[in-house]
Each structure stands twice: as C-alpha cells, then as structure tokens.
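# Notes for the structure review
What follows is each chain in one-letter form.
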Amino acid sequence: MAEENGSNLQQFSDGVLANNPVLVQLLGMCPTLAVTNSLENALVMGMAATFVVVMSNVITSLLRNLIKPHVRILIFTLTIATFVTIADLALKAYMFEVSQKLGAFVPLIIVNCMIICRAEVVAIKNGVGRSLADALGIGLGFTIALSILGIVREILGSGSLLNFQILPDAFVDGHSWVIMVLPPGAFLTLGAVVGIVNQIRASRSKGGAA
Amino acid sequence: MKKFIDESWLVLVLGIVFACLLAATQTTLQAKIDDNRARALNNAIAEVVPGLADKEELEVDGNQVFKCLDESGGLVGWAVKASGSGFIDRITLVAGLSADGGAIIGIKVIEHVETPGLGNKIDAGNPFPEQFTGKSAGLPLEVVKQTPQKPNDIQAITGATYSSAYVTDIVNDVITRIRPQLAEHR
C-alpha cells in the first residue's frame with residue numbers, strides 16, 4: 001500500500017492544526033455549536049468523539065485489504081455506530097450527569113462527518129500506525145476546537161468554568177451574556193474563532209513562505 | 001448465492017462481531033447504569049421531600065409512588081415518579097406532595113434530553129422548577145409567558161415554552177391521577 005509522504009507525527013499534528021476538523025475543514029459543526037455551552041460538555045464530547053474516530057480508523061485500517069469498495073460506506077457506518085453506542089453506554093455508566101446534559105448529541109456522533117471522512121481518506125489506504133496517528137490528531141484537534149469555544153461561551157454566558165464560578169456575582173446574576181450559551185452565541189463565537197484562525201493561516205503562508 | 005457471500009461476507013461477519021461486542025458491553029454496564037438511575041431517583045426524592053428518613057415504595061395507577069417517612073415513621077410527604085413526552089424526547093421527573101396531598105412541595109426533573117441552553121433550564125438549580133414549590137395541588141397549573149397573575153400560573157422559560165409546558169403537563173397529569181388515591185395508602 002502506498003504511504004503518503006511525511007511521517008506519522010506530521011499526520012498527527014496536521015489533524016490538530018493545519019487540518020483541524022472544526023476550524024479548518026469546517027466539519028462536525030453540529031456538536032460544535034450545540035455542546036460548547038460549557039467546557040465540561042465540550043471536553044466530554046471531544047473525548048467520546050476521539051474514542052470513536054480512533055476505533056473506527058484502527059479497525060478500518062486493519063481490515064483495509066478485505067473491504068470491498070462498494071460496501072465500504074456500509075462498513076464504516078457499522079463500525080462507527082457500534083463504537084458510538086459503546087461510548088454512550090460507558091458515559092451513562094461512568095459519567096451519568098454529563099451524559100444527561102449531552103443528551104442526544106452523543107448518539108449523533110455517528111453522523112459526525114469528520115469520523116467517516118478519516119476512514120475514507122486515511123484509514124482505508126494506510127497502515128494502522130498512520131491511521132492511529134491521524135485519528136489521535138483529528139480527535140485532539142476536535143477537542144481543542146470545542147474547548148476553545150466552550151471556554152469562551154461558558155465564561156461569558158455563565159460566568160463559570162467547569163462549573164466553578166470565576167466571574168463576580170455582579171456579572172453572573174442576570175448580567176452574564178446569556179446569549180453566549182444560546183445558539184446565536186455559538187455562531188458568533190465560532191465565526192470569531194474561525195476568523196482569527198484564518199487570519200493566522202493567511203499571515204503564516206505569506207510570511208512563512210521562504 | 002456464492003456471489004452474494006463473496007461480496008458481503010465481511011459485512012455479515014462484522015455485523016455478528018459488533019452485535020456480540022455491544023451485547024457484552026450492555027451486559028457489563030447495565031447494572032451500573034441502573035444504579036445511576038436509581039441513585040438519581042433517590043437523590044431527587046430526598047431533595048424534593050425534606051426531612052425524609054425512610055420511604056416505602058408503592059405502585060399507584062401505574063406510577064412509582066414513595067411514601068416518605070421521618071425517623072419516627074411519621075408521614076412527611078409523598079414522592080411520585082412520572083414521565084411523559086418532552087420537546088425532544090421523554091422527560092422523567094419526581095414530584096413531591098405534602099403529607100395531606102394538598103400542596104406540591106417541589107419537583108425535580110431527573111431525565112431529559114431537552115435543548116442545551118434552553119429547554120434544559122427545567123433542571124434543578126434554575127428558577128423554573130422552583131416555581132412549583134408551594135403550589136396548591138388542587139388546581140391544574142397553567143403555563144404563561146408573562147409574569148404570573150393567578151396562583152396556579154407557572155411562568156415559562158424564555159425560549160423554551162414547549163419544554164416548560166410539557167413538564168407542567170406531566171406534573172398536572174400525575175397529580176390529577178394519583179392524588180385522590182393517596183388517602184387510602186396513608
């Protein structure tokens with residue numbers, strides 16, 4: 001199997017930075033907007049999605065020589081659905097309260113485009129090492145992106161971080177920017193963060209090109 | 001037939017393997033999940049009925065009803081577990097009634113998947129569920145969007161009128177059905 005150029009480490013770091021699934025590829029917008037109203041929700045969602053993309057990539061990669069092209073999407077979906085269900089059961093068993101808060105968004109990881117995208121683009125064509133590095137990078141990139149939004153939205157919208165109140169009562173009682181924990185706040189924050197990221201990327205490619 | 005097997009054997013094998021994996025996970029974790037649910041229910045009952053030292057579980061009209069007693073065995077209140085449709089999916093809550101069944105002493109939503117940031121304000125710690133404390137159990141509660149005018153008015157959560165209404169409906173329904181039958185279990 002032809003390996004792509006570059007190392008596994010490069011694949012990993014691409015997933016986090018240059019190819020960040022949320023901020024660069026603009027995939028997985030639905031959970032990004034929905035569960036980032038608190039940092040705790042964002043982190044747990046990131047963790048669950050990372051688990052699923054790792055298992056999906058590793059299994060797809062192990063079976064890559066056996067998967068016939070016309071059933072590959074079926075097999076990807078089957079694998080992803082299985083591990084999302086496992087993740088959902090694990091959350092209900094070990095993190096019950098957070099699982100309640102995430103509600104329907106954990107099962108919705110099944111339709112998170114970035115996961116099936118990695119299977120199709122990387123895992124079906126590469127060895128386990130490369131696929132694992134890719135999955136970890138994408139998972140970490142997803143978690144970081146969600147956490148950035150979670151931090152901004154929770155501090156401004158609830159005055160707290162990880163449920164610890166960090167802004168003074170005067171701000172929290174009735175004056176916190178409630179809009180930040182509502183959908184418009186999600187879009188505003190996401191737009192601002194993607195804008196900043198694009199600005200950084202643009203200045204990097206201008207200044208970095210030696 | 002051979003062509004079918006040839007093309008799809010992996011799908012069939014994976015289907016069976018994953019099904020076994022899921023069954024194993026479910027079997028291993030179900031006990032813990034049930035414990036979590038039971039714990040959430042017990043915590044909710046203790047929060048809703050203060051002074052609770054012991055409880056007796058009954059079944060009244062299809063609902064789990066708990067007769068709540070203090071240390072000396074005296075009746076301090078009733079807790080009823082009820083569920084019904086919510087905006088997204090089912091909502092399960094515990095409603096507390098005073099010992100004579102005349103007043104609602106509180107509610108707590110224990111399971112829901114309402115919209116984060118909006119419908120999830122039916123959770124404890126928000127002003128919405130606190131409105132139920134002290135309401136008379138004799139009149140059905142009505143959801144209003146503006147400031148409540150009548151004693152049996154409940155103000156809806158801004159941006160979550162449906163979730164507010166669904167919770168109120170569940171409470172109204174279970175009280176209407178259960179309350180008349182409490183006397184015989186006293």
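The structure we're discussing is the one just above.
The following paragraphs examine the structure supplied in this document. No experiment lies behind these values; they were computed from the predicted model shown.

Parameters at a glance
Residues numbered from 1 in each chain as written. Chains lettered and ligands numbered in written order. Predicted model: local features only at pLDDT ≥ 70, side-chain atom pairs only at ≥ 80, totals over all residues. Helix = DSSP H or I, 4+ residues; strand = E, 2+ residues; numbered from the N terminus. Rg over C-alpha atoms; globule rule 2.2 N^0.38 Å. Buried ≥ 20, exposed ≤ 12 C-beta atoms within 10 Å, placed from the backbone. Contact = placed C-beta atoms within 7 Å. Core = buried A, V, L, I, M, F, W, Y, C linked by C-beta atoms within 7 Å. Expected span 1.5 Å × (residues − 1). Nonpolar A, V, L, I, M, F, W, Y, C, P; charged D, E, K, R; others polar. Pairing = 2+ DSSP bridges. Axes fitted to C-alpha atoms, helices over the stretch in contact; angles between N-to-C directions.

## So, the overall build of chain A
Helix and strand content of chain A: nine helices and two strands. Mapped from its N terminus to its C terminus, chain A presents α and β elements in the order α-α-α-α-α-α-α-β-β-α-α. Computed over C-alpha atoms, the radius of gyration of chain A comes to 18 Å, within 12% of the 17 Å expected from 2.2 N^0.38 for 210 residues, which places it in the range of a compact globule. Burial status across chain A gives 42% buried among its 210 residues. For chain A, long-range pairs separated by at least 24 residues make up 77% of all intrachain contacts whose partners lie at least 6 apart in sequence.

## A word on the nonpolar core
One finds Met45(A), Ala48(A), Val52(A) and Ala87(A) to be the most contacted residues of the largest nonpolar core, which totals 45 residues. At the level of secondary structure, the elements contributing two or more residues to this core comprise helix H3 (39–62), helix H4 (72–94), helix H6 (113–123), helix H7 (128–158) and helix H9 (183–208) of chain A. One finds Val48(B), Phe66(B), Leu97(B) and Val109(B) within the second-largest nonpolar core, a separate group that totals 42 residues.

## Overview of the environment of Thr115(B)
Residue and element names in this part refer to chain B. Turning to its location among the elements, Thr 115 is positioned in the loop between strand E5 (104–111) and helix H2 (127–130). For the pair Thr 115 and Ile 88, spaced 27 residues apart in sequence, the C-alpha to C-alpha distance is 7.5 Å. Apart from residues lying up to four places away in sequence, Thr 115 is in contact with Ile 88 and Asn 120.

## Quick word on H3(A)
Taking 1.5 Å of rise per residue, 24 residues should cover 34 Å, and H3(A) covers 34 Å from first to last C-alpha, within 8% of that figure. Burial analysis of H3(A) places 18 of its 24 residues in the buried class, which makes it a mostly covered element.

## Notes on the interface of chain A and chain B
Chain A puts 24 residues into the contact, and the matching count from chain B is 23 residues. Looking at the side of chain A that touches chain B, the elements that each hand over two or more residues are H4 and helix H5 (96–102) of chain A. Of the residues belonging to the side of chain A that touches chain B, the class tally is 16 nonpolar, five polar and three charged.

## Some remarks on the sheet that holds strand E2 (residues 63–69) of chain B
Residues and elements named next belong to chain B. Strand order in this open sheet of five strands is E1-E2-E3-E4-E5, and the pairing throughout is antiparallel. The open sheet terminates on both sides in strands that have one partner only, identified here as strand E1 (54–60) and E5. With direction set aside, neighbouring strand axes in the sheet form an average angle of 25°. The sheet contacts of helix H1 (residues 2–48) involve E1, E2, strand E3 (75–85), strand E4 (90–98) and E5, and relative to E5 the element is tilted by about 160°.

## Details of unusual backbone geometry
One non-glycine residue, Leu26(A), lies in positive phi territory at about 55°. Its place among the elements puts Leu26(A) in the loop between helix H1 (8–16) and helix H2 (29–34). Positive phi is not limited to glycine here, since Asp61(B) has a value of about 50°. The residue Asp61(B) is located in the loop between E1 and E2 in this model. Classification of Asp61(B) as exposed rests on a count of 11 C-beta atoms within 10 Å.

## Some points on the pairing of E2(B)
All names here are of chain B. In the sheet, E1 pairs with E2 via seven bridges, with the strands oriented antiparallel. By the bridge assignment, Glu 56 is partnered in E2 with Lys 67. Counted between consecutive antiparallel strands, the loop separating E1 from E2 contains two residues, among which Asp 61 sits at a positive phi close to 50°. The pairing of E2 with E3 spans six bridges and is classified as antiparallel. Bridging from a neighbouring strand, Gln 64 pairs with Lys 81 of E3. Hairpin geometry of E2 and E3 is characterised by an intervening segment of five residues between the two adjacent antiparallel strands and by a positive phi of about 90° at Gly 73.

Nothing here speaks to function; it is geometry throughout.
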